[in-house]
Amino acid sequence: MKLAQKALRKRIVGSRKVSVQTAVGWLPSDEQGDGKQVIDVMCTDPSLPFERYGGGGRENIRLTSCEDAIEFIKEYDGSLPFGFD
């Protein structure tokens with residue numbers, strides 16, 4: 001949920017992307033150890049709002065769309081970033 005909230009706030013969608021390492025850094029320190037595995041799962045589950053972006057060895061991710069992220073956050077009773085109400 002925290003990843004979706006932060007990516008939505010930063011509008012990481014379309015041609016914008018963020019490295020997996022940067023996204024893991026968005027998590028609280030006690031959750032960062034499993035962060036890469038969580039992102040791997042999130043990018044392979046089509047019901048979640050993340051996808052891999054770029055080719056080759058690049059480990060970049062982005063939101064599938066702002067609407068998907070908003071729906072995901074609302075579904076799990078999270079708070080939307082300012083401006084997305």
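To be clear, the structure that these remarks concern was listed above.
Here the residue index of a chain counts from 1 through its sequence in written order. In keeping with the model being predicted, local features are shown solely for residues with a pLDDT of at least 70 and side-chain atom pairs are shown and tallied solely at 80 or more, while totals for entire chains, interfaces and linings include all residues. To obtain the side-chain values, all non-hydrogen atoms of the structure were used and water was disregarded.

K.L.:
Honestly, the overall build of the protein chain in this entry has me stumped. Any pointers?
P.N.:
Of the regular secondary structure elements, the protein chain holds 4 helices and 3 strands. Relative to a compact globule of 85 residues, whose C-alpha radius of gyration would be 12 Å, the protein chain shows 12 Å and is just as compact. Taking the principal axes of the C-alpha coordinates as reference, the protein chain spans close to 35 × 30 × 20 Å. The buried label goes to any residue with under 20% of its type's maximum accessible area, the exposed label to any with over 50%, and the partly exposed label to all in between, with areas taken from a 1.4 Å probe on protein chains only. Counting across all 85 residues of the protein chain, residues that qualify as buried make up 38%. Calculation of accessible area relied on Shrake-Rupley with a 1.4 Å probe; when residues are assessed, cover is drawn exclusively from the protein chains displayed. Of the accessible surface of the protein chain, which amounts to about 5,200 Å², a share of 47% is contributed by carbon and sulfur atoms. Strands are runs of DSSP state E lasting at least two residues, helices are runs of H or I lasting at least four, and both sets are numbered from the N terminus onward. Each radius of gyration reported is based on C-alpha atoms, and the globular scaling rule is 2.2 Å times the count of residues to the power 0.38.

K.L.:
What is the right way to look at the environment of Leu80 in this model?
P.N.:
In this fold, Leu80 is placed in the segment after helix 4 (66-75). Overall, the relative accessible area of 18% leaves Leu80 in the buried class. Should any heavy atoms of two residues lie within 4.5 Å, those residues are counted as being in contact. With residues near it in sequence (within four places) discarded, Leu80 still touches Leu8, Ile70, Ile73, Lys74 and Asp85.

K.L.:
Which parts of the structure should I look at to understand the pattern of salt bridges?
P.N.:
It is possible for side chains of opposite charge to pair when their charged atoms get near one another. Should a side-chain nitrogen of Lys or Arg be within 4 Å of a carboxyl oxygen of Asp or Glu, the pair is scored as a salt bridge. Following the criterion strictly, the structure yields 5 salt bridges and no others. A salt bridge links Asp40 to Arg52, with the nearest nitrogen and oxygen atoms 2.3 Å apart. Of the two residues, Asp40 sits in helix 3 (residues 35-44) while Arg52 sits in strand 2 (residues 50-53), which places them 12 residues apart along the sequence. Given the relative accessible area of 27%, Asp40 is considered partly exposed. Each of Lys36, Asp40, Arg52 and Glu59 takes part in one network of salt bridges that share partners.

K.L.:
Sorry if this is basic, but what is going on with the nonpolar core here?
P.N.:
Across soluble globular proteins, nonpolar side chains have a tendency to be buried as a group. Buried residues of nine kinds, namely Ala, Val, Leu, Ile, Met, Phe, Trp, Tyr and Cys, make up a nonpolar core once their side-chain atoms join them within 4.5 Å. One finds Leu3, Leu8, Ala23, Trp26, Ile39, Phe50 and Ile61 to be the most contacted residues of the largest nonpolar core, which totals 25 residues. Of all the secondary-structure elements, those providing two or more residues to this core are helix 1 (2-9), helix 2 (20-25), helix 3, strand 3 (60-63) and helix 4. The greatest single-element share of this core, amounting to 5 residues, is contributed by helix 4. Residue contacts for Ile39: discarding those within four places in its chain leaves Leu3, Val20, Ala23, Val24 and Ile61.

K.L.:
Sorry, what's going on with the state of the cysteines here?
P.N.:
What we call a disulfide is simply a covalent bond connecting the sulfur atoms of a pair of cysteines. We call a pair of cysteine sulfur atoms a disulfide whenever their separation is within 2.5 Å. As enumerated under the stated definition, the model contains 0 disulfides in all. Left without a disulfide partner, Cys43 is nearest to the cysteine sulfur of Cys66, which lies 16 Å away. On the basis of relative accessibility, which here comes to 15%, the residue Cys43 falls in the buried class.

K.L.:
Would you take a moment to explain the side chain of Arg62 for this structure?
P.N.:
Relative to the helices and strands, Arg62 resides in strand 3. Ignoring any residue separated from it by four or fewer positions in sequence, one finds Arg62 in contact with Ile12, Gly14, Ser15, Arg16, Lys17, Pro49, Phe50, Glu51 and Tyr53.

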